[in-house]
Every structure is written in structure tokens, then in C-alpha cells.
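Residue-level listing of the chains:
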Amino acid sequence: MRIENGAPAITSVANGVLARCVTQPRACRDTLLVGGTLLVGGALLSAGSFITGRLTASLGSEPMPLPAPNDVPSTPERQKDQLLSVLPAHDQLALMKILRDCGPDAECSHPAIRALLERQPGQVRHQIMQLAARTEPAAPAPAAAAAGWPPAATAAVVPPGEVWLEWAATLLESAVPLEQARLYLDVADIVRATDEARSGSPEGPERETAANAARHQMIQALLERDGHPVETRPFSITTRDVQGVRMRFEGRNLLVTFGDDRPGSRTLMLMAHGDMTGAEDGSNGANDNASGVGALLAVARQLRTALLPTGTRVQLLVTDLEERGLIGAQAYVRQCLAQSNCPDVALNVDMLGRGDGMTISGSDQQDMYRVGDALDAPARRIPVTATEARLAALLREAAQEAGLTVHDSAGWTMQSDHLAFQREAVPALGVTLIDAVDVGRERMRQQARAALLAADAATPWERFDDYVAGRLDAATRAAVEARLDAYDQAVEAYRALPHSRYAANIHNGYDQLDQFNSRQAFAAVGVLERAIVDWLAAREANPGD
């Protein structure tokens with residue numbers, strides 16, 4: 001996910017950025033406005049202020065803590081979530097493995113879950129007993145003390161040992177459907193591979209390179225585990241990076257195709273980026289974007305075993321270098337356009353790990369965020385094809401049926417790989433989970449960024465050297481001064497906006513497995529699966545519309 005918010009620990013790039021801004025003021029625009037998390041906000045905006053000599057304060061961006069959950073469970077599903085959250089992370093993982101390996105066999109799962117609960121430390125057992133006390137008949141407090149529970153347990157009326165233990169084991173048996181457990185474990189495997197590579201690599205860029213190589217290998221292994229023949233699509237592409245510097249990139253995308261492979265088959269592509277950033281700052285990319293890859297794997301498992309309609313096929317694309325500026329997606333679009341085999345519609349999933357609803361970003365929204373080479377091209381509206389509109393409508397219908405809110409995201413687009421498709425008029429949608437309050441904050445920041453781009457475009461940077469040297473006549477100097485003032489005001493307006501939790505809790509140490517909500521992600525998977533199946537079955541959607 002490309003985010004224009006600031007991020008902590010950006011001083012490592014600030015000096016280079018500052019030098020670039022001082023020596024190449026026009027090029028500094030690219031650094032300030034490209035929208036990379038590590039490269040905008042904080043020290044970088046203060047570097048831009050150094051150019052004009054007006055703004056001096058720098059702005060940091062600390063990760064935003066997630067809200068504390070409500071301690072009072074109100075529904076069975078809420079009780080399950082609360083019970084899961086009480087377990088330590090390693091035991092949540094162990095529980096998921098039990099549920100995956102045992103499936104619906106209670107004779108297998110129940111004893112294993114009881115054993116897991118029995119080995120919990122006193123504090124965890126007390127928390128579970130408190131949850132049980134809200135739903136089960138309570139025993140006198142002395143019974144808890146007599147059973148050897150910790151002294152704090154006697155402060156509340158709690159059920160005796162067997163009652164709470166049986167209650168918790170029975171509830172956990174049904175806490176997580178099999179496919180949700182598989183989703184969680186796939187995300188956990190990607191995170192584990194990332195952490196192992198991070199911990200075994202030296203500090204610096206090599207750490208992130210190693211982490212992404214390990215992620216890529218794990219994702220390919222997970223696809224092959226599920227029986228998908230994986231085609232590796234290497235690419236070498238010249239484009240602009242997140243600092244706006246034109247350079248050569250090399251990477252590899254992963255492609256899977258199943259269904260009717262005859263020419264002319266209607267093709268839907270499901271894609272997610274496999275890379276991450278922020279390894280130096282403690283991130284292991286659980287939400288951004290192991291969650292999206294996990295969702296892709298979960299949907300693919302269901303589709304691969306389904307009988308797809310004749311004349312339809314599904315492609316899975318795991319892109320590389322999204323965090324560097326949608327590079328892998330750009331490379332794939334160039335390839336498919338050259339070969340005349342682009343999908344009829346692409347569906348990109350990014351950051352499905354948490355959020356009280358989803359957003360759907362269509363082609364008509366793509367001009368709201370530009371990055372890389374798109375910064376040099378004029379903004380243009382891309383029409384929405386009937387094929388794309390049909391898929392968007394099916395996503396909304398499936399979400400409504402599942403009780404998942406689709407937030408109004410007018411005036412904002414998710415900043416991810418679908419944009420590379422949309423800008424080349426390949427129909428595509430982007431889907432993410434996000435809290436409603438964060439949609440508003442992201443919209444304000446994106447619109448302020450667009451205003452900053454416009455102010456930059458109106459600034460006569462070609463006269464900047466003469467302005468600094470005092471070689472301009474009074475009238476010209478006044479005109480340049482006015483444009484620089486407008487630019488500074490746009491920078492200040494951008495900096496003053498609040499950060500969203502959606503953006504602040506990625507690319508840093510907050511993006512961990514314990515912040516991945518598998519229930520919310522699994523609900524999104526169900527919506528994706530339903531919409532894709534219905535789109536494939538809709539004969540009236542023609543490839544050429």
C-alpha cells in the first residue's frame with residue numbers, strides 16, 4: 001500500500017533528500033509529492049521548507065495505537081473474539097493449527113483445546129474465568145481460591161474450574177471456521193518468513209531486501225502447496241521510484257491461471273502485492289500486505305475446486321515492488337498490453353487485516369492519486385466499463401448480504417496496484433478494509449496532496465536560481481515570490497491534517513500479526529468469493545464492453 005502519510009525513523013533518508021532539494025529544487029517536487037511513506041512528511045517536508053526559506057518546523061508521525069476493545073461481550077461472536085484476544089499470540093497460533101488439523105472432528109479438537117487452556121498462566125486463566133462468569137452460573141468466590149486459582153480471582157464471582165474450562169473449550173471449538181484458520185495460518189507463515197529473514201540480516205537496505213525475498217519464496221510455496229502451478233514473470237523496467245528518480249528496476253511477479261484457457265475466455269484477475277516495507281522500523285507486513293495475499297490464497301482455494309463456467313478463467317497475480325511505486329503492476333500491464341492478453345477486469349486486494357467496513361476504488365477515481373511517471377502526465381478521467389461496473393455492483397451486493405459496510409469513498413482512491421491497470425484503461429478495482437473515520441482523513445490528505453501538486457505545477461522553478469541570486473527584476477521577483485508563498489501554504493495545509501490509523505499503523509512496528517483480525521479478513525474473503533463467482537457466471541458481461 002502506498003501511503004502519503006509520514007512515518008517514524010525517516011532521518012536515514014532525510015539528508016539525501018535535503019541535498020537533492022537544495023541542489024535540484026525542481027526535482028525536489030518529486031521527492032516531496034511522490035507519496036511514499038518513508039519519503040513524505042516529517043523531515044522531508046521540512047526539507048521542502050528549506051528550499052523556500054519560509055517553513056522550518058518538522059513534523060514526525062508516530063504510530064497510532066488501536067482502540068482498546070470493549071471488555072463486555074454482547075454477542076456469541078463477540079465472546080469468541082474476546083476469548084481469542086485473551087490468549088497469547090503463540091497460543092492463538094496453536095489454536096488455529098488445532099482447528100485446521102482437526103477440522104470438524106470434536107473428538108480431536110476438544111481435548112487439544114482443553115490442554116491448551118490448562119497450560120495458560122494464572123492471569124490468562126483469570127481473564128477467561130471473568131468472561132465465563134458473565135455467561136455462566138457463578139460459584140461462590142471461595143471455590144475459586146480452594147481450587148488453587150490466583151488470589152485476584154477471588155475478587156470476582158467466577159465459575160469453578162471445570163465450568164469455565166469446558167465453557168471456553170466449547171466456545172473456542174466453534175470460534176474460527178476451518179477456512180478462517182487457514183487464512184490466519186497463511187498470513188502467519190508469511191510473517192514468520194519475513195521475521196526470520198529480518199533477524200538474520202544486517203541493518204540497512206539489505207534487511208528489507210532479504211525480508212522481501214523470503215516473503216516471495218513463502219508465497220510461491222503456499223501457492224504450490226494448494227496445487228497451483230506458478231509461473232514466474234521476471235521483469236526489468238525503467239520508471240520513476242518513490243523519490244521520483246528514474247531508474248531501472250528488476251523483480252518478479254507470480255502468476256497462476258486456471259479455468260478455460262482457450263483464446264477468448266473471459267478473464268478475471270485477483271491480485272495482491274507480496275512485498276513490504278518498514279523492515280528497519282520493526283514491521284513484518286502482516287496487514288500490508290500479508291493479509292491481502294492470505295485473502296487471495298483463501299479465495300483461490302474455493303475457486304480452484306469450483307466448476308467454473310465454460311469460457312471463463314481466473315488469474316492470480318502476486319506483484320513485486322508495489323512499495324517502491326507500483327513497479328511490478330506497471331511491468332505486468334506493459335507485458336499484457338504488448339501481448340494483447342490483459343484480463344477483462346482485475347480485482348486488487350490490499351490491507352484486509354482490520355477495519356469496520358470496506359471501500360471499492362474504481363477507474364473513475366484513479367486520477368485522485370498519482371505517483372511515479374504519472375506525476376508528469378496530465379490528470380485524466382478513465383471511463384468505467386460495464387464489466388468493471390458489474391463487478392463493483394456484485395461486491396456491494398455481496399457485502400450487504402454479509403453485513404459488511406461499504407464506506408462511501410467518493411473523493412478518495414486506495415493507493416495500490418490497481419492504479420497501474422486503471423491508468424492504462426485496463427478495467428480494475430481496488431478493495432481494502434478501513435474504519436469509516438479513516439476514510440474521511442485519507443480523503444482530506446489525498447485532496448491536500450492534489451492541491452500541493454497543483455501549487456507545485458504553478459511554481460516557476462526554472463527561475464528559482466535567479467530568484468535566490470537576486471537576478472530578477474522587481475515585478476518578476478514579486479510574481480515568483482507569490483507562487484512560492486502559495487506553494488508554502490499548500491505544504492502547511494498538507495502538514496496540518498491529522499493522520500489516520502489506517503496509514504500510521506503500517507510500515508512500522510505496529511504492523512504485526514497480533515493486529516491482524518482474521519474474522520474481519522475472513523468476512524471480506526466471503527464477499528470477494530461471492531462477487532467473483534457471480535461475475536464469472538454473468539454471461540451478459542462481454543469482454544469488449
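None of the values given here were measured: they were computed from a predicted structure.

Here we take up the pattern of salt bridges. Following the criterion strictly, the structure yields 21 salt bridges and no others. Between E166 and R114 there is a salt bridge, and its shortest N-O distance comes to 2.7 Å. On the criterion of sequence distance, the pair formed by E166 in helix α9 (residues 161-173) and R114 in helix α6 (residues 106-118) is long-range, its members being 52 residues apart. A relative accessible area of 32% places E166 in the partly exposed class. Among the ionic pairs, R198 bridges to D195, the shortest N-O distance being 2.9 Å.

With that out of the way, let us pick up unusual backbone geometry. Generally, phi is negative for residues other than glycine and the peptide bonds are trans, each holding for most cases. Cis geometry is adopted by the peptide bond preceding N289, which originates at D288 and carries an omega value of 5°. Positionally, N289 belongs in helix α12 (residues 286-305). Of note, the phi angle at L321 is positive, near 60°, even though the residue is not glycine. Relative to the helices and strands, L321 is located in the loop between β4 (312-319) and α13 (327-339). Judged by relative accessible area, which is 15%, L321 ranks as buried. Residue L326 is not a glycine yet carries a positive backbone phi of 60°. Structurally, L326 is set in the loop between β4 and α13.

Once that is clear, we can look at the packing of aromatic side chains. The description of an aromatic ring pair rests on the distance of the ring centres and on the angle between the ring planes. Considering all chains together, one arrives at six aromatic pairs under this definition. Plain terms: the ring middles of Y184 and F516 are 6.2 Å apart, the flat faces sit at 35° to each other, and that makes the pair tilted. Of this pair, Y184 sits in helix α10 (residues 178-199) while F516 is found in the loop between α19 (501-504) and α20 (518-537), placing the two residues 332 residues apart along the sequence. For the pair shown, Y184 and F516 are each scored as buried. When the ring of W412 is compared with that of Y502, the centres are 6.3 Å apart and the planes differ by 80°; the resulting orientation is edge-to-face. Residue W412 is located in the loop between α14 (386-402) and α15 (418-422), and its partner Y502 is located in helix α19; the two are separated by 90 residues in the primary sequence. Relative accessible area serves as the criterion here: at 1%, W412 is assigned to the buried category. Here the basic side chain of R266 rests over the ring of W535, its NZ or CZ set 4.2 Å away from the ring centre. The ring of Y494 carries the charged tip of R445 above its face, separated from the ring centre by 4.6 Å.

What follows deals with the nonpolar core. Ranked by size, the top nonpolar core spans 89 residues in total, and within it I128, L223 and L395 carry the most contacts. Beyond its immediate stretch of four places on either side in the chain, I128 contacts L83, V86, L87, L117, W164, W167 and A168. Within the second largest apolar cluster, 14 residues are counted, among which are A448, L452, F464 and A490.

The residue R354 is located in the loop between β5 (345-349) and β6 (357-361) in this model. No salt bridge is formed by the buried R354. Its closest oppositely charged neighbour is D511, at 5.0 Å. A distance of 3.2 Å separates a polar side-chain atom of R354 from the backbone oxygen of N505. Here the side chain of R354 touches Q515 through a polar contact of 3.2 Å, landing on its backbone oxygen.

Predicted coordinates in areas of low pLDDT are best not read in detail. With 80% of its residues at a pLDDT of 70 or more, the chain has an overall mean of 83. Here residues 136-158 is modelled with pLDDT under 50, and outside its nearest four sequence neighbours on either side it reaches 27 contacts, counting other chains as well.

Moving on, we come to α20. Its 20 residues give α20 an end-to-end C-alpha distance of 28 Å, which sits within 8% of 28 Å, the value for a rise of 1.5 Å per residue. Turning to α20, its buried residues number three or more, namely S518, R519, A521, A524, V525, V527, L528, A531, I532, W535 and L536. Capping of α20 at its N-terminal end is provided by N517; its side-chain oxygen lies 3.0 Å from the backbone amide nitrogen of R519.

Further remarks concern the pairing of strand β2 (residues 246-259). Sheet topology places strand β1 (residues 231-240) next to β2; 10 bridges connect them, and they run antiparallel. The partner of P234 across the bridge, within β2, is R252. The hairpin turn running from β1 into β2, its antiparallel successor, is five residues long, and G244 in that turn takes a positive phi close to 85°. Pairing of β2 with β4, which is carried by six bridges, proceeds in the antiparallel orientation. Bridge pairing in β4 links L255 to L317.

Procedures and definitions
Residues numbered from 1 in each chain as written. Predicted model: local features only at pLDDT ≥ 70, side-chain atom pairs only at ≥ 80, totals over all residues. Heavy atoms only, no water. Salt bridge = Lys/Arg side-chain N within 4 Å of Asp/Glu carboxyl O. Helix = DSSP H or I, 4+ residues; strand = E, 2+ residues; numbered from the N terminus. Buried < 20%, exposed > 50% of the residue type's maximum accessible area, 1.4 Å probe, protein only. Phe/Tyr/Trp six-rings, centres within 6.5 Å; stacked < 30°, edge-to-face > 60°. Lys NZ or Arg CZ within 6 Å of the ring centre and 35° of its normal. Core = buried A, V, L, I, M, F, W, Y, C linked by side-chain atoms within 4.5 Å. Contact = heavy atoms within 4.5 Å. Lys, Arg positive; Asp, Glu negative; His and termini not counted. Polar contact = N/O pair within 3.5 Å; in protein donor to acceptor, adjacent residues only side chain to side chain. pLDDT = per-residue confidence, 0-100. Expected span 1.5 Å × (residues − 1). Pairing = 2+ DSSP bridges.

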